[in-house]
Amino acid sequence: MNSNLPDENLGPLLRGSYQTTPERNPGFRSGVWARIEARRRAPATWSAWLHLNMFRFASLAVATVAIAGFGGGWIATAQANRDHEQLVQRYLASIDPHQKSSVELR
Amino acid sequence: MKFRWIAAALIAALALGAGCIAYVCMRKPMPAVAADDGDALLWLRHEFKLPADKMARIEKMHDAYQVVCEEHCRIIRDARIELRKLREAKAPAAVIAAAEEKSREVDLVCTTSLETHMRDIASVMGGEDGRRYLSIVLPRVAKFDHAGAPGLDLESAKPHAGHAHH
């Protein structure tokens, strides 16, 4: 590539080589205004944001709380069942020679 | 974006709270099962909350049964040691079969004796408590693989966990 061309040749060269034909975007203007409007309407405070997203927030909160509540209950029940079973097995091991291992191996 | 994070944190806190409340409400406090204080009757005490006189009778019956249980342990252990020796010595099939039959018999005697003891305990408890006791213990005894008896310590004759404190 020849990089020693005089500067006065650069303009015509670029005009000849780099021609772009931008695509028309009829939605550009309305898109810009929509973004400006959205920014203008964005809530400035937490309560305003919550008011605007109340349904989504409430749905998500109810679902999450329900799942967490179910999970907590499930863990508690499983733990109680396990403790109960250990007590029963300890009792059985004291009167059933066959069940010795089930307690000693714990 | 900042508000979303606040909402997420709030929901997470709510979920944590709900989980903890559900856990506390649903849990059934049990006596410390991990501590090996040797109290085999802890379950009966905790689960059935029997009157003191009934509990005292059950404790006596339980202690008395320990002697029977020890004897069963010894007989079962002897029968299985004998069976193992015969198998290792590659004894005739008929002899091994006879030893297996004897082993099954002593297992059956043990199981029958155990069930009788449990029914006696249930009759002392009486009523719904007795029925509930049997509904808990009998299926567990029946479910246990008496034929295999992996728990019997064939190498030593030391008493098992339930007997150690008596």
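Structural data are supplied above this passage.
My aim in this report is to walk through the structure given alongside it, one point at a time.

Parameters at a glance
Throughout, a residue's number is its position along its own chain's written sequence, starting from 1. By the order in which they are written, chains take letters starting at A while ligands take numbers starting at 1. pLDDT decides what is reported in this predicted model: residues at 70 or higher carry local features, side-chain atom pairs at 80 or more are listed and counted, and totals for whole chains, interfaces and linings draw on all residues regardless. Side-chain measures here rest on the full set of heavy atoms in the structure, leaving out hydrogens and waters. Only DSSP runs of H or I covering at least 4 residues are called helices, and only runs of E covering at least 2 are called strands; the numbering of each starts at the N terminus. Classification of residues uses two cut-offs on accessible area relative to the type maximum, computed with a 1.4 Å probe and protein chains only: under 20% is buried, over 50% is exposed, and between them is partly exposed. Note on areas: Shrake-Rupley with a 1.4 Å probe; residue coverage comes only from the protein chains shown. In what follows, residue pairs with any heavy atoms lying within 4.5 Å of each other are defined as contacts. Stacked, tilted and edge-to-face are the three classes assigned to paired rings of Phe, Tyr and Trp, where Trp is represented by its six-membered ring and a pair needs centres within 6.5 Å; plane angles under 30 degrees give stacked, over 60 edge-to-face, the rest tilted. Distance and chemistry together define a polar contact, namely a pair of N or O atoms within 3.5 Å, with one atom able to donate a hydrogen and the other to accept it when in protein, and with adjacent residues in sequence counting only for side-chain atoms on both sides. Buried Ala, Val, Leu, Ile, Met, Phe, Trp, Tyr and Cys residues that are joined via side-chain atoms within 4.5 Å together make up what is termed a nonpolar core. Here, patches come from residues exposed beyond 30% relative accessible area and free of salt bridges, joined within 9 Å for like charges and within 5 Å for nonpolar side chains (Val, Leu, Ile, Met, Phe, Trp, Tyr). Basic side-chain nitrogens of Lys or Arg form a salt bridge, by our definition, when they fall within 4 Å of a carboxyl oxygen of Asp or Glu. In this description, a line fitted to the C-alpha atoms serves as the axis of each element, helices being fitted only across the stretch in contact, and the angle between N-to-C directions of two axes falls anywhere from 0 to 180 degrees. Here is the rule for angles: anything less than 35 degrees is roughly parallel, anything more than 145 is roughly antiparallel, 65 through 115 is roughly perpendicular, and the remaining ranges are oblique. Left-handed describes a crossing whose near helix is turned anticlockwise from the far helix through less than a right angle; right-handed describes the clockwise counterpart. Residues are grouped as follows: nonpolar covers Ala, Val, Leu, Ile, Met, Phe, Trp, Tyr, Cys and Pro; charged covers Asp, Glu, Lys and Arg; every other residue, Gly included, is treated as polar. To count as a disulfide, a pair of cysteine sulfur atoms needs to be within 2.5 Å.

Scanning chain A for helices and strands turns up 5 helices and 0 strands. For chain A, the N- to C-terminal ordering of α and β elements is α-α-α-α-α. Within chain A, the fraction of its 106 residues that count as buried is 26%. By element, 61% of the accessible surface of chain A is carried by carbon and sulfur atoms, the whole surface being about 8,000 Å².

Attention now goes to the overall build of chain B. The number of helices and strands found in chain B is 5 helices and 0 strands. Put simply, of all contacts in chain B between residues at least 6 apart along the chain, 65% involve residues at least 24 apart. When the accessible surface of chain B is split by element, carbon and sulfur atoms take 62% of a total near 9,700 Å².

Now for the packing of aromatic side chains. Tallied over the full model, the rule gives 8 aromatic pairs over all chains. Their ring planes at 80 degrees and their centres at 6.3 Å tell us that Trp 46 of chain A and Phe 57 of chain A sit as a pair that is edge-to-face. Taken together, the residues Trp 46 of chain A in helix α3 (residues 46-52) and Phe 57 of chain A in helix α4 (residues 54-95) connect sequence positions 11 residues apart. Judged by its relative accessible area of 25%, Trp 46 of chain A is partly exposed. Judged by its relative accessible area of 13%, Phe 57 of chain A falls in the buried class. Ring centres 6.5 Å apart and planes at 50 degrees place the aromatic pair Trp 49 of chain A and Phe 3 of chain B in the tilted group. Of the two residues, Trp 49 of chain A is situated in helix α3 and Phe 3 of chain B in helix α1 (residues 2-26); the pairing between them involves two chains. Here Trp 49 of chain A matches Phe 3 of chain B in class, with each residue buried. Three or more aromatic residues link up through ring pairs in this structure, and these residues are Trp 46, Trp 49 and Phe 57 of chain A together with Phe 3 of chain B.

A few words now on the side chain of Ser 94 of chain A. Looking at where Ser 94 of chain A falls in the secondary structure, it is placed in helix α4. Within the structure, Ser 94 of chain A has its side chain in polar contact with the backbone oxygen of Tyr 91 of chain A (distance 2.5 Å). A distance of 3.5 Å separates polar atoms of two side chains, one belonging to Ser 94 of chain A and the other to His 62 of chain B.

This paragraph deals with the nonpolar core. Membership of the largest hydrophobic core comes to 28 residues, with the highest contact counts inside it found for Tyr 91 of chain A together with Trp 43, Leu 44, Met 118 and Tyr 133 of chain B. For this core, the secondary structure elements donating two or more residues are α4 of chain A together with α2 (42-48), α3 (52-88), α4 (93-125) and α5 (127-143) of chain B. Contacts of Trp 43 of chain B, omitting those with residues within four sequence positions, involve His 84, Leu 87, Val 88 and Tyr 91 of chain A together with Phe 48, Tyr 133, Ile 136 and Val 137 of chain B. With 7 residues, the next largest nonpolar core counts Trp 49, Leu 50 and Ala 61 of chain A together with Phe 3 of chain B among its residues.

Residues Leu 10, Leu 13, Leu 14 and Tyr 18 of chain A make up a contiguous nonpolar surface patch of about 430 Å² in total accessible area. Relative to the helices and strands, Tyr 18 of chain A is located in the loop between α1 (10-17) and α2 (28-41).

Here the focus is the packing of α4 of chain A against α1 of chain B. Look at α4 of chain A against α1 of chain B: their axes get within 7 Å of each other, and the N-to-C directions meet at 30 degrees. The orientation of α4 of chain A with respect to α1 of chain B, classified from their angle, is roughly parallel. Handedness of the crossing formed by α4 of chain A with α1 of chain B: right-handed. Tallied by class, the residues present in the contact of α4 of chain A with α1 of chain B amount to 16 nonpolar, 7 polar and no charged.

Moving on to the state of the cysteines. Enumeration according to the criterion identifies 0 disulfides over all chains in this entry. With no disulfide partner, Cys 69 of chain B has as its closest neighbouring cysteine sulfur the one in Cys 73 of chain B, 4.5 Å distant.

On to the pattern of salt bridges, then. All names here are of chain B. Overall, the coordinates contain 13 salt bridges over all chains when judged by the stated rule. A salt bridge links Glu 59 to Arg 45, with the shortest nitrogen-to-oxygen separation between them at 2.5 Å. Pair noted here: Glu 59 is in helix α3 and Arg 45 is in helix α2, with a separation of 14 residues, a long-range link. Judged by relative accessible area, Glu 59 falls into the partly exposed class, the value being 29%. Linking Asp 107 and Arg 80 is a salt bridge whose minimum nitrogen-to-oxygen distance equals 2.3 Å. Here Asp 107 is found in helix α4, whereas its partner Arg 80 is found in helix α3, with 27 residues between them in sequence. The buried category is assigned to Arg 80, whose relative accessible area is 8%.

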